[in-house]
Amino acid sequence: MDIYKRLKQNIDRQVWRLDKPRRSLFAQTVYLGTLGLVMVLPVVAGAYLGVWLDNLAGGYSMRWTLSLIVLGVVIGAVNVYLLIKD
């Protein structure tokens, strides 16, 4: 009985998605721009913060910069995933 209820919910959700009006080209462009911004901002923030921390440490070091850029990529990817999921 539970399987039929889940199947009906899945079919209803798919029908709702098909009946949804399509977005305009401008709306799709804004959406893609938002995705790009959500991905790039954590990477750039990590790079700037990493450079600042490396300059405080003195000498030639890129440890913080590289670590925070990688962290920014991970955070950006999670942000994009969560935005697309909705």
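Scroll up to find the structure this text is about.
**Describing the overall build of the protein**
No. 1: Counting its secondary structure elements, the protein contains three helices and zero strands.
No. 2: Referenced to the eigenvectors of the C-alpha coordinate spread, the extents of the protein come out at roughly 65 × 40 × 10 Å.
No. 3: Residues classed as buried in the protein amount to 12% of the 86 residues present.
No. 4: Excluding contacts between residues fewer than 6 apart, the proportion of contacts in the protein whose partners are at least 24 apart in sequence is 55%.
No. 5: Within the structure as shown, the protein displays about 7,500 Å² of accessible surface, and the carbon and sulfur contribution to it stands at 68%.
No. 6: With 10 positive and 5 negative side-chain charges, the protein shows a separation of 2 Å between the mean positions of the two kinds.

**Looking at the packing of helix α2 (residues 25-57) against helix α3 (residues 63-85)**
No. 1: The N-to-C vectors of α2 and α3 enclose an angle of 160°; their axes lie 7 Å apart at closest approach. It follows that α2 is roughly antiparallel to α3 by the angle criterion. For α2 against α3, the interelement crossing comes out right-handed.
No. 2: Here the contact of α2 with α3 is composed, by residue class, of 19 nonpolar, seven polar and two charged.

**Considering α2**
A turn of α-helix holds 3.6 residues, and therefore any two residues three or four places apart point the same way.
No. 1: The first and last C-alpha atoms of α2 sit 48 Å apart over 33 residues, in line with the 48 Å expected at 1.5 Å per residue.
No. 2: Considered for burial, the residues of α2 that qualify are Leu 35, Pro 42, Gly 46, Gly 50 and Asp 54.
No. 3: Each element contacted by the buried residues of α2 is listed here: α3.
No. 4: Once α2 ends, the next one or two residues include Gly 58, with phi positive near 80°.

**Focus: the side chain of Thr 65**
No. 1: By the element assignment, Thr 65 lies in helix α3.
No. 2: When its relative accessible area of 9% is taken as the criterion, Thr 65 is described as buried.
No. 3: Polar contacts involving the side chain of Thr 65 include one to the main-chain carbonyl oxygen of Gly 50, which spans 3.3 Å.
No. 4: Residues in contact with Thr 65, not counting those within four places in the same chain, are Ala 47, Gly 50, Val 51 and Asp 54.

About the cut-offs
Residues numbered from 1 in each chain as written. Predicted model: local features only at pLDDT ≥ 70, side-chain atom pairs only at ≥ 80, totals over all residues. Heavy atoms only, no water. Helix = DSSP H or I, 4+ residues; strand = E, 2+ residues; numbered from the N terminus. Buried < 20%, exposed > 50% of the residue type's maximum accessible area, 1.4 Å probe, protein only. Contact = heavy atoms within 4.5 Å. Areas by Shrake-Rupley, 256 points an atom, 1.4 Å probe, with all protein chains shown as cover. Lys, Arg positive; Asp, Glu negative; His and termini not counted. Charge placed at Lys NZ, Arg CZ, Asp CG, Glu CD. Axes fitted to C-alpha atoms, helices over the stretch in contact; angles between N-to-C directions. Parallel < 35°, antiparallel > 145°, perpendicular 65-115°, else oblique. Left-handed = near helix turned anticlockwise from the far one by under 90°. Nonpolar A, V, L, I, M, F, W, Y, C, P; charged D, E, K, R; others polar. Expected span 1.5 Å × (residues − 1). Polar contact = N/O pair within 3.5 Å; in protein donor to acceptor, adjacent residues only side chain to side chain.

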